[in-house]
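Observations on chain architecture
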Amino acid sequence: MTYHSGSRAVQDRVGVRDLADHVGQAIGQGIRPVAAAFLELQPMLIVGGAESGRVDVPDGVGAPGGGAVWASLLTGAPGFVRATGPRQISVTSGLPPADPLAPALSVPGTPVGTLALDPRTRRRMRLNGRVRPTPRGFAVEADQVFANCPKYLQKRESYETVAERTPDAPRRDTELSPSQREFIETADTFFLATVHAHGAEASHRGGNPGFVHVASPYELWWRDYPGNSMFLTLGNLVADPRAGLLFLDWRTGTTLQLTGEARTEYAPDGERTVRFTLTEVIESPTASPLRWSAPEYSPANP
């Protein structure tokens, strides 16, 4: 099934069901050779899912059984992510024990969404499936595999690995500090994890600095720019408002992970706004050893 009822509801509201059916033909289960070659060049991977290893919420949305949804960053030397079968990727790197998704990745069958993104070429690939722990990390058996267009993806020409950089202890809180608010308001990219009854996804959002607005220490919002018309992410939020956001300082390697709930508002002129309410924030200084060059902003950014 390409789309669930949440995505269909958004497609119908916007009037793009026929276009979504056409675009959705690109979603498959197999990893093509060109996609396998792309994966082996990547030094990072975004993973999204629920911290409990489950996406269902039997006692109602927000119940403890469902677990908070997070987006997390994995890094490694190119080749640490690779296709090891026609429908499987293997990752020879794990999350730090303190990462909220780390326990879930050790549970067989955990639904996850993965996103491989290359700022150098402005290409990205999404693979959603189920986890299988391995001695060196984990594998993901694919349910959905597809590429996205380069829209709103900032180009970064190169990166270097800073060998002496070591992660500092993460700091957790239930509201955004002034420095974290500035971090978000100057970001040109973030990653968004969402879930539905049978799976999880990780997607990308980009724009010129300032495209994400912080309304208070507990709430932020952004415009939902026109995309591929599938509405996988917004459709997930119709079915389940839990969401996880990941912001990355591309120079220092510091990450900011947020979890909470999100909802979409529709204006009469057709503009869409997503509002996110924070439950918890984790700041991890120097979490990534990668230092990327300055961005060249996408010509598609409004």
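Predicted, not measured: the structure shown is a model, and the values here were computed from it. (Residues numbered from 1 in each chain as written. Predicted model: local features only at pLDDT ≥ 70, side-chain atom pairs only at ≥ 80, totals over all residues. Heavy atoms only, no water.)

A separate point is the sheet that holds strand E6 (residues 123-134). The seven strands are arranged E2-E1-E5-E6-E7-E4-E3 in an open sheet whose pairing can be described as antiparallel. At either margin of the open sheet sits one strand with a lone partner, and together these are strand E2 (69-75) and strand E3 (81-85). Taken pair by pair, the neighbouring strands of this sheet meet at an average axis angle of 35 degrees, ignoring direction. When strand E1 (residues 44-50) meets strand E5 (residues 111-118), the two strands line up antiparallel, connected through three bridges. Bridge assignment links Gly-48 to a residue of E5, and that residue is Gly-113. (Pairing = 2+ DSSP bridges. Helix = DSSP H or I, 4+ residues; strand = E, 2+ residues; numbered from the N terminus. Axes fitted to C-alpha atoms, helices over the stretch in contact; angles between N-to-C directions.)

Before going further, it helps to examine the nonpolar core. Grouped together as the largest cluster of nonpolar side chains are 28 residues, with contacts concentrated most on Ile-184, Leu-220, Trp-222, Leu-245, Phe-247, Leu-258 and Phe-276. Take this core: its biggest share by element is four residues, from strand E17 (residues 272-284). When sequence neighbours within four positions are dropped, the list of residues in contact with Phe-247 reads Phe-183, Ile-184, Ala-187, Thr-189, Phe-190, Val-212, Thr-254, Thr-255, Leu-256 and Leu-258. Judged by nonpolar contacts, the second largest core, of 27 residues, contains Leu-39, Leu-45, Val-91 and Met-125. (Core = buried A, V, L, I, M, F, W, Y, C linked by side-chain atoms within 4.5 Å. Buried < 20%, exposed > 50% of the residue type's maximum accessible area, 1.4 Å probe, protein only. Contact = heavy atoms within 4.5 Å.)

Turning our attention to the pairing of strand E11 (residues 189-196). Most of E11 is tucked away: eight of the eight residues are buried. Going residue by residue along E11, you find Thr-189, Phe-191, Ala-193 and Val-195 tucked away on one face and Phe-190, Leu-192, Thr-194 and His-196 tucked away on the opposite face as well. Across eight bridges, E11 lies against strand E12 (residues 199-206) in antiparallel orientation. Within E12, the position partnered with His-196 by the bridge is Gly-199. Counting the residues that bridge the hairpin from E11 to E12 gives two residues. For E11 and strand E15 (residues 242-248), the ladder comprises four bridges, and the chain directions are antiparallel. Looking at the pairing, Ala-193 lines up with Gly-244 of E15.

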